[in-house]
Amino acid sequence: MPYLTPASSGIASTGLRLGFGIPGYAHPLLAPLEWGKLTRPGTPLHWVVLNVSDGPGTRPDPHCLEAAGRLRNTGVRVLGHLDVTYGARAFAEIASDARRYLDWYQVDGFLLDRCPTWRSALPETSRTVTALRALLGGGHVVLGHGTHPYPGYAETADQLVTFSGPWSEYRWSQVAEWTADHPPERFCHFVHGVPRGHLDEALRTARWQGAATIYFTDRTDRGGRIDPWETMPGYWDEIVSLVGTGVSE
């Protein structure tokens, strides 16, 4: 069973309701339905990641600019995707990508994908986040660890992705006890391979483990061969209804 966090850290204790963080759909030309559905009124979106071509690409893309603009016009944060390769990527390269995202797509923040988790990498990650905030003039920064990092990372960014993986692992996962010291609005869970019949269970697990930003899909990675986040889940309308009405709570 999932580790149950104290009631004081439950979603009801914050002003942020359970909602979606979209890890990044395929290019708008390849996934027009996905990008179009995100702008439907009433969809509980916290933010959407824009990943043009493993980053911002080499030139402005009018299709991505249009998709990002429609989201921002409806009040949804758009985050640029920055791959930090577990701390191995040079800051100059990260900063260059960040500037292009800002100049071309006017993003509201960044998701730092493949973020390191260990204590020794925390100072450099903190410096990177500080520099990105300076570029943004504030903004929203999410650290994409995919698992529970050293607790100090929680003081660095707005949110941490503390689970990213398959339902077969998530349903039996345990949350790190230190997360109970922070409100659910600080944590995100991305889960693929969630069967339609287990949606309620998955949403309850997120609530019990204290994550207010989620993305669940029935798509799978087929043994690591494809990106399960590129297309919308087959039950998108159903999960939007469940989350939007607060059924999981």
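These lines cover the structure that appears in this document, whether it is placed above or below. Keep in mind the model is a prediction, meaning the values are calculated, not measured.

### Side note on the nonpolar core
One finds Leu38, Phe110, Phe216 and Trp236 to be the most contacted residues of the largest nonpolar core, which totals 73 residues. Among the elements that line this core, the one with the most residues is helix H3 (residues 91–105), at six residues. Sequence-distant contacts of Phe216, that is, excluding residues within four places in its chain, are made with Tyr170, His189, Val191, Val194, Ala202, Leu203, Ala206, Pro233, Tyr235 and Ile239.

### Some details on the pattern of salt bridges
Applying the stated criterion across every chain yields a total of 13 salt bridges. The shortest N-O distance in the salt bridge between Arg72 and Asp108 comes to 3.1 Å. Here the residue Arg72 occupies a position in helix H2 (residues 62–73), and Asp108 occupies one in the loop between H3 and strand E4 (109–113), the gap between them amounting to 36 residues. A relative accessible area of 34% means that Arg72 is categorised as partly exposed. Note that Asp83 and Arg114 form a salt bridge whose closest N and O atoms lie 2.7 Å from each other. Of this pair, Asp83 sits in strand E3 (residues 77–83) while Arg114 sits in the loop between E4 and helix H4 (122–136), and the two are 31 residues apart along the sequence. Classification of Arg114 by relative accessible area gives partly exposed; the value is 34%. One salt-bridge network, in which partners are shared between bridges, spans Arg89, Glu93, Asp97 and Arg100.

### Description of the pairing of strand E5 (residues 140–144)
For E5, the buried fraction is high: five of the five residues fall into the buried class. Looking at chain direction, E4 and E5 are connected through five bridges and run parallel. From the neighbouring strand, Gly109 faces E5, where its bridge partner is His140. Crossover handedness for the path E4 to H4 to E5: right-handed. The pairing of E5 with strand E6 (residues 159–166) spans two bridges and is parallel.

Quick notes on the rules
- Residues numbered from 1 in each chain as written.
- Predicted model: local features only at pLDDT ≥ 70, side-chain atom pairs only at ≥ 80, totals over all residues.
- Heavy atoms only, no water.
- Core = buried A, V, L, I, M, F, W, Y, C linked by side-chain atoms within 4.5 Å.
- Buried < 20%, exposed > 50% of the residue type's maximum accessible area, 1.4 Å probe, protein only.
- Helix = DSSP H or I, 4+ residues; strand = E, 2+ residues; numbered from the N terminus.
- Contact = heavy atoms within 4.5 Å.
- Salt bridge = Lys/Arg side-chain N within 4 Å of Asp/Glu carboxyl O.
- Pairing = 2+ DSSP bridges.
- Right-handed = clockwise from strand over helix to strand, strands pointing away.

In short, shape yes, function no, at least from these values alone.
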